[in-house]
Amino acid sequence: MENANFRTQILTRHLQNHAVDSSSGAAVSRAPCLSYAPPEASASFDVSSMRKLMDGHNLGERDWLFNLMAQSKLFNPRLRGGKVFVAPDYNQSMEQQREMTMKRIQYLLDRGVFEGWMTGTGSEAEMRKLALLEVITIFDHSLAIKIGVHFFLWGGAIQFFGTKRHHDKWLRATETYLMKGCFAMTELGHGSNVRGIETITTYDPRTEEFIINTPCESAQKYWIGGAANHATHTVVFSQLNIEGKNEGVHAFITQIRDADGNICPNIRIADCGHKIGLNGVDNGRIWFDNVRIPRENILNSVADVSSDGKYLSAIKDADQRFGAFMAPLTSGRVTIAVSAVYMAKMSLAIAIRYSLTRRAFSITPNGAEVLLLDYPSHQRRLLPLLAKTYAMSFAGNYLKLLYVRRTPQLIKTLHVVSSGLKAALTWHNMRTLQECREACGGQGLKTENRIGQLKAEYDVQSTFEGDNNVLMQQVSKALLAEYVATKRKNKPFKELGLEHMNKPSPTIPSQLSSSIVHSSQFQNDIFCLRERDLLNRFAAEVSKYQAQGESKESAFNASYQLAEDLGRAFTDLAILQTFVEAENSASDASLKNVLSLVRSMYVLVTLDEDPAFLRYGYLTTENAAVVRKEVANLCSEIRPHALALVDSFGIPDAFLSPIAFDWVAANAWSASQD
């Protein structure tokens, strides 16, 4: 009744204020128009220091590239609301978007952006390359993918699968775009299951040539970025048959177009067609009709074939040989995971800025309308995602360092961590984009405001370079293998972050309080408890199925629910640990204070949202209620820092969107006449 009375009073006052004598000719009175007021900029910490912690490296070169793109008409600058924004023109046709992608690549090439990307050595050169690719990603996913295929997939295959003869011939040519490379692994019939690909290569000792053949339609190479229009060369992944024996998957350099763009003999190429996003990338399909290539074109760092047709490899075990082939391909998962975080940053920067200036409804009679971000429900929608994005940004930085500093001893760790983080970070990005789109209301639908379009552009990340569900199962499978091997040897755990299992199992207090749940010790303990318990349960369930006569693979498949929960537990713990390390590296007290709040939000919202904590008894229902209440409290505590936290992402205004700033001026009649 109170609500009904309140609404009645408002309506009565509205009618009384606006009623006029129709005979008087007086104009109907109205309230003043809304006007844009910028958000209050008050930071309790140094934003530039936070940005340095978030980006981690090469800040100056990032800003240089941002400016380089913002000053060129090729990057589609447009004036909206008194500010210039740059973003791709998605109104262009697929063909126009593809050609514009190539023009932008040429612009960046001419200005030295790619210098050292293939010929540079050392971790500094690799980190610079990763930083600049992240900046390119913020502008356009198609541009980043087109560049990534050429440098990281084609170029990476030459670097890691090839030897000196390949490096001398191809690396500098790749860096300067004397040729354009693509990467032909995926087939119509096989994506994640690379071992099952059907393309066949044989060897002719008389001519010292390999012969590549597509034996059936399901063996056609599919989704090959760059193949439809521009690529001149590709690395073909194929089964290698030598003297009637299948030696497994190997990689071969093959020319598919001449310098004039004509498709080479015995090669057929078709376009994959229009996609829901990434239409600036020319994905194509390739068939090989007994294509002959020189013997020197096998990428032979792992295995080779002699001139007289003898198969040569120092790795005799076929499984280990396949693993050696696949190990260098983690670069794709690394760049995808990190780019997903930057898209989450962009969408949150836009949505939170909008929510700090957009008002809706008043909650008191005659009161001003309330800012969106002052509604607790709106805070609950966006601020936990902001905390998760911070956590995952630190995890992405850790993943890059792990990749750049990789050693043979770290290959297994890199594979498992990159698999888990690629899945977790890309899933998080898609959820964040959707929530931010909704949080911006109708404005989120406009392409110029970026968030809605980014959903279509980044949806692919959940499945390319490994289906996320498959990757999470690979994480669990690796953890199980480590568990079984360690138990069999009766030795302590030493790898994959399982060292905490050498200690007694953590004890969670029977009654949680606000101070306890904010404790980093409690947060680490409950994440470790979840991983430990799920790994024990998973191992026991797989063992039970095997005892009943099931094969190891069948037992694993039957235990998929525990496998999924375990994969998430491993990844969440890894993310938390990287957050704690980043927090500890900060020297400024004000930075540490806000990071502590953000870390607690990351952990507690994970406890609140993942049913595993209740399902397996790590939280009682009473303690789950404490956690849920504390998430709401943290929302109000983080709210004053929201603007500074998104400003710390370091994304220039021009790369955001009109609704992040003066959305009234951007939508004025005069703006529509530009």
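Residues numbered from 1 in each chain as written. Predicted model: local features only at pLDDT ≥ 70, side-chain atom pairs only at ≥ 80, totals over all residues. Heavy atoms only, no water.

**Section: a positive patch on the surface**
Here is step 1 of the chain: Together, Arg 488, Lys 489, Lys 491, Lys 494 and Lys 552 give the surface a local cluster of positive charge.
Here is step 2 of the chain: Mapping Lys 489 onto the fold places it in helix 13 (residues 468-489). (Patch = residues over 30% accessible without salt bridge, like charges linked within 9 Å, V, L, I, M, F, W, Y side chains within 5 Å. Areas by Shrake-Rupley, 256 points an atom, 1.4 Å probe, with all protein chains shown as cover. Salt bridge = Lys/Arg side-chain N within 4 Å of Asp/Glu carboxyl O. Lys, Arg positive; Asp, Glu negative; His and termini not counted. Charge placed at Lys NZ, Arg CZ, Asp CG, Glu CD. Helix = DSSP H or I, 4+ residues; strand = E, 2+ residues; numbered from the N terminus.)

**What to know about the pairing of strand 11 (residues 291-294)**
Here is step 1 of the chain: Burial along strand 11 is one-sided: Val 291 and Ile 293 are buried, while Arg 292 and Pro 294, pointing the other way, are not.
Here is step 2 of the chain: Bridge count between strand 5 (residues 209-213) and strand 11: 4 bridges; the pairing is antiparallel. Counted as the bridge partner of Ile 211 is Arg 292 from strand 11. (Buried < 20%, exposed > 50% of the residue type's maximum accessible area, 1.4 Å probe, protein only. Pairing = 2+ DSSP bridges.)

**Looking at the packing of helix 15 (residues 520-547) against helix 17 (residues 560-585)**
Here is step 1 of the chain: At a minimum axis separation of 9 Å, helix 15 and helix 17 run at an interaxial angle of 150°. By the angle between their directions, the pair helix 15 and helix 17 is classed as roughly antiparallel. The way helix 15 lies across helix 17 gives a crossing that is left-handed. Only Leu 562, Ala 563, Asp 565, Leu 566, Arg 568, Ala 569, Phe 570, Asp 572, Leu 573, Leu 576 and Gln 577 of helix 17 make contact with helix 15, whose side of the interface consists of Gln 523, Asn 524, Phe 527, Cys 528, Arg 530, Glu 531, Leu 534, Leu 535, Arg 537, Phe 538 and Glu 541.
Here is step 2 of the chain: Residues belonging to the contact of helix 15 with helix 17 are distributed by class as follows: 12 nonpolar, 3 polar and 7 charged. (Axes fitted to C-alpha atoms, helices over the stretch in contact; angles between N-to-C directions. Parallel < 35°, antiparallel > 145°, perpendicular 65-115°, else oblique. Left-handed = near helix turned anticlockwise from the far one by under 90°. Contact = heavy atoms within 4.5 Å. Nonpolar A, V, L, I, M, F, W, Y, C, P; charged D, E, K, R; others polar.)

**Some remarks on empty space enclosed by the protein**
Here is step 1 of the chain: Counted according to the given criterion, the structure contains 6 cavities of 30 Å³ or more.
Here is step 2 of the chain: Its volume calculated, the largest cavity comes out at about 90 Å³.
Here is step 3 of the chain: Surrounding the largest cavity, Met 102, Ile 105, Lys 146, Val 149, His 150, Tyr 177, Lys 180, Gly 181, Gly 225, Gly 226, His 230 and Ala 231 form its lining.
Here is step 4 of the chain: At the level of elements, helix 4 (94-110) and helix 6 (141-161) are the ones that each hand at least two residues to the lining of the largest cavity.
Here is step 5 of the chain: The dominant element in the lining of the largest cavity, judged by the number of residues it contributes, is helix 6, at 3 residues.
Here is step 6 of the chain: Along the lines of polarity and charge, the residues of the lining of the largest cavity split into 5 nonpolar, 5 polar and 2 charged.
Here is step 7 of the chain: Estimates place the volume of the second largest cavity at around 60 Å³.
Here is step 8 of the chain: Lining the second largest cavity are Pro 88, Asp 89, Tyr 90, Gln 92, Gln 97, Met 100, Thr 101, Arg 104, Asp 140, Ser 142 and Gly 280. (1 Å grid on protein atoms, 1.4 Å probe; cavity = no way out; pocket = protein on both sides within 12 Å on 5 of 7 lines; lining within 4 Å. Points joined across faces, edges and corners; volume = space filled by probe spheres on them.)

**A short note on the sheet that holds strand 6 (residues 221-225)**
Here is step 1 of the chain: Strands sit in the order 6-10-9 across an open sheet of 3 strands; the sheet is antiparallel. Of all the strands in the sheet, just strand 6 and strand 9 (267-271) have a single pairing partner and so form its edges. Going from strand to strand, the sheet's axes swing by 35° on average, the running direction of each strand aside.

**What to know about the packing of aromatic side chains**
Here is step 1 of the chain: Here the structure, examined in full by the defined rule, presents 26 aromatic pairs.
Here is step 2 of the chain: Ring geometry for Phe 114 versus Trp 117: centroids 5.0 Å apart, planes at 75°, classification edge-to-face.
Here is step 3 of the chain: What makes Phe 114 buried here is its relative accessible area of 1%.
Here is step 4 of the chain: Judged by centre distance (5.8 Å) and plane angle (80°), the ring pair of Phe 161 and Phe 237 falls under edge-to-face. With Phe 161 in helix 6 and Phe 237 in strand 7 (residues 233-242), this pair connects stretches of sequence that are 76 residues apart. Phe 237 matches Phe 161 in its accessibility class, with the two residues each being buried.
Here is step 5 of the chain: An aromatic cluster is built from Phe 114, Trp 117, Phe 151, Phe 152 and Tyr 177, whose rings are joined through pairwise contacts.
Here is step 6 of the chain: Its guanidinium or amino end placed over the ring of Tyr 545, Lys 544 lies 5.1 Å from that ring's centre, counting from NZ or CZ. (Phe/Tyr/Trp six-rings, centres within 6.5 Å; stacked < 30°, edge-to-face > 60°. Lys NZ or Arg CZ within 6 Å of the ring centre and 35° of its normal.)

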